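# Examination of the molecular architecture
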Amino acid sequence: MEVLRRRIERQIMGVTGMALGGIDYEQPPGDPGLFGPQSVCWRVHSDFTSMLCGGISALMLQMLHPLALAGVWDHSNFRDDMLGRLRRTSQFIAATTFASTADAERLIDRVRRIHDSVAGTAPDGRPYTANDPGLLTWVHTAEVSRFLAAHLRYRNPDLSAADQDRYYAEVARIAEALGARDVPRTRGDTDAYLEAMRPQLRFDARTAEVFRLLIGAPAPHPLARPLVALTMRAGVDLLPFWAAEMAHRDMPRWQRHAVRTGVHRLVPIMRWSVRNGASNRARRRIAGTTTAAGSPTAPDRT
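In what follows, the accompanying structure is described. Every chain begins its residue count from 1, and numbering advances along the sequence as written. With pLDDT at 70 or above as the cut-off, local features in this predicted model cover only qualifying residues; side-chain atom pairs require 80 or more to be listed or tallied, and sums for whole chains, interfaces and linings still use all residues. Hydrogens and water are ignored here; the side-chain numbers use all heavy atoms of the structure.

### Some remarks on the pattern of salt bridges
For this document, the term salt bridge refers to a Lys or Arg side-chain nitrogen within 4 Å of an Asp or Glu carboxyl oxygen. Throughout the structure, instances matching the rule amount to 15 salt bridges. The partner of Asp 163 in a salt bridge is Arg 43, and the shortest N-O contact between them spans 3.2 Å. Note that Asp 163 is positioned in helix α8 (residues 161-178) and Arg 43 in helix α2 (residues 40-45), a separation of 120 residues in sequence. Judged by relative accessible area, Arg 43 falls into the partly exposed class, the value being 34%. With its nearest N and O atoms 3.1 Å apart, the salt bridge here joins Glu 170 to Arg 166. Placement of the pair is Glu 170 and Arg 166 together in helix α8, with a separation of four residues, close to one helical turn. Only protein chains enter the calculation, and the probe is 1.4 Å; a residue is then buried if its accessible area is under 20% of its type maximum, exposed if over 50%, and partly exposed in between. You can call Glu 170 buried: its relative accessible area is 12%. In the salt-bridge network here, residues are joined through shared partners; they are Arg 153, Asp 237, Asp 250, Arg 256 and Arg 260. Helix numbering and strand numbering both begin at the N terminus, where a helix is a DSSP run of H or I of at least 4 residues and a strand a DSSP run of E of at least 2.

Listed below in structure tokens is the structure:
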């Protein structure tokens with residue numbers, strides 16, 4: 001069974017930022033990182049299944065903004081390497097949440113430098129830059145709102161309203177470090193922000209191409225194909241209803257039920273298999289000092 005578990009874990013890790021390497025989540029011992037294990041974002045971001053589904057949905061929602069789409073379309077190779085795009089995004093979220101303080105800050109600085117060179121003109125004639133505070137706020141809010149939606153659906157539907165607000169307040173720190181302004185910090189603010197942004201969103205031929213490439217993204221290994229296909233459909237299902245309608249991806253009730261049932265059946269396998277994800281390794285890093293004090297950190301059960 002251990003051989004099987006490790007084999008499944010390798011395939012799962014292959015679709016995430018862990019496949020990129022470059023970050024040692026277990027060093028230096030005792031460093032809590034930017035948030036620490038008592039934060040709500042550790043709880044939300046440590047559940048592998050919901051983060052995978054939420055991350056797909058986040059990218060779909062983000063690309064409904066014409067300027068966000070223009071930046072990705074003009075300045076990345078996502079059309080040839082969709083899996084690489086997903087891995088890089090996954091690494092940034094994992095590192096800013098679970099890595100040491102120095103590594104988290106290093107990745108934030110790196111992304112800011114990359115943003116410095118991302119500028120151009122959208123097809124409608126509007127100029128854009130990745131450092132635009134308003135655009136950064138959109139990308140962030142679209143992302144974390146889908147992470148939380150996935151967590152509520154697939155991990156903990158009873159997460160309190162106070163903890164949901166606390167989650168938004170915590171992760172706003174990352175958006176602001178990247179240059180975002182007026183970042184929503186509560187559920188109510190987030191819902192109001194997304195509603196206010198709707199008139200600015202579009203679904204055109206380029207957006208349709210992004211959705212097509214995402215939904216058809218190749219798996220890193222044949223054994224991972226069912227996982228990738230299911231999480232892509234779960235990402236569509238997690239979109240706000242108005243976004244799914246805009247993208248012509250609204251699902252009938254029976255199809256939504258089938259997707260959710262499939263993910264719920266997958267969850268026990270994922271949680272049994274993944275023992276060396278970023279959150280597990282980060283807990284071992286922090287236990288480097290708590291164990292010495294005679295109070296070992298509890299293992300990650302997500």
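Don't stop here, the text continues.
### What to know about the packing of aromatic side chains
Paired rings are identified among Phe, Tyr and Trp, the last through its six-membered ring, by centres lying within 6.5 Å, and are further divided according to the angle between planes into stacked (under 30 degrees), edge-to-face (over 60) and tilted (the rest). Applying the stated rule across the entire model yields four aromatic pairs. For the pair Trp 42 and Phe 98, a centre-to-centre distance of 5.0 Å together with 70° between the ring planes defines the contact as edge-to-face. Residue Trp 42 is found in helix α2, and its partner Phe 98 is found in helix α5 (residues 82-98); the two are separated by 56 residues along the sequence. Grouping residues by exposure puts Trp 42 and Phe 98 together as buried. Residues Phe 203 and Phe 211 carry aromatic rings whose centres are separated by 5.5 Å and whose planes lie at 85° to one another, so their mutual orientation is edge-to-face. The class for Phe 203 is partly exposed, based on a relative accessible area of 24%.

### A closer look at unusual backbone geometry
In this chain, Gln 27 is followed by Pro 28 through a cis amide linkage whose omega measures -5°. As for its placement among the helices and strands, Pro 28 is situated in the loop between α1 (2-13) and α2. Of note in the backbone geometry, Asp 182 takes a positive phi value of approximately 55° without being a glycine. With respect to the helices, strands and loops of the structure, Asp 182 is situated in the loop between α8 and α9 (187-197).

### A word on the packing of helix α3 (residues 48-62) against helix α10 (residues 205-215)
Lines fitted to C-alpha atoms define the axes, with helix axes restricted to the stretch in contact, and inter-axis angles between N-to-C directions lie between 0 and 180 degrees. The interhelical angle for the contact between α3 and α10, taken along N-to-C directions, is 165°, at an axis separation of 10 Å. Viewed along their axes, α3 and α10 adopt a mutual orientation that is roughly antiparallel. When you trace α3 past α10, the crossing you get is right-handed. When α3 is examined against α10, the residues Ile 56, Leu 59 and Met 60 are found in contact with a partner set consisting of Phe 211, Leu 214 and Ile 215. Think of it as three bins: nonpolar holds Ala, Val, Leu, Ile, Met, Phe, Trp, Tyr, Cys and Pro, charged holds Asp, Glu, Lys and Arg, and polar takes everything else, Gly as well. Considered class by class, the residues forming the contact of α3 with α10 number six nonpolar, no polar and no charged. Should an angle lie under 35 degrees it is considered roughly parallel, over 145 roughly antiparallel, and from 65 to 115 roughly perpendicular; all remaining angles are considered oblique. Left-handed describes a crossing whose near helix is turned anticlockwise from the far helix by less than a right angle; the clockwise case is right-handed. Should any heavy atoms of two residues lie within 4.5 Å, those residues are counted as being in contact.

### Side note on the nonpolar core
Leu 61, Trp 138, Leu 214 and Val 263 are the most contacted members of the largest nonpolar core, which totals 54 residues. Residue assignment for this core shows that the elements contributing at least two residues are α3, α4 (66-75), α7 (133-154), α9, α10, α11 (225-237), α12 (241-246) and α13 (253-273). Residue types Ala, Val, Leu, Ile, Met, Phe, Trp, Tyr and Cys, when buried and joined through side-chain atoms within 4.5 Å, form a set referred to as a nonpolar core. Of all hydrophobic cores here, the second largest spans 31 residues; its members include Ile 93, Ala 99, Ala 104 and Tyr 168.

### With respect to the environment of Ser 39
Relative to the elements of secondary structure, Ser 39 occurs in the loop between α1 and α2. You can call Ser 39 buried: its relative accessible area is 4%. Distance from Ser 39 to Glu 170, taken between C-alpha atoms, is 7.8 Å for residues 131 residues apart in sequence. Setting aside its immediate chain neighbours within four residues, Ser 39 contacts Arg 166 and Glu 170. Polar contact criterion, stated in full: a pair of N or O atoms within 3.5 Å, where within protein one must be able to donate a hydrogen and the other to accept it, and residues adjacent in sequence count only if both atoms are side-chain atoms. For Ser 39, the side chain forms a polar contact with the main-chain oxygen of Gly 36, separated by 2.7 Å. Only 3.3 Å separates the side chain of Ser 39 from the backbone nitrogen of Trp 42, close enough to count as a polar contact.

### Brief notes about α7
Multiply 1.5 Å by the residue count of a helix minus one, and that product is the helix's expected span. Taking 1.5 Å per residue as the helical rise, α7 with its 22 residues ought to reach 32 Å, and the 32 Å between its terminal C-alpha atoms agrees with that figure. With 17 of 22 residues buried, α7 lies mostly within the body of the structure.

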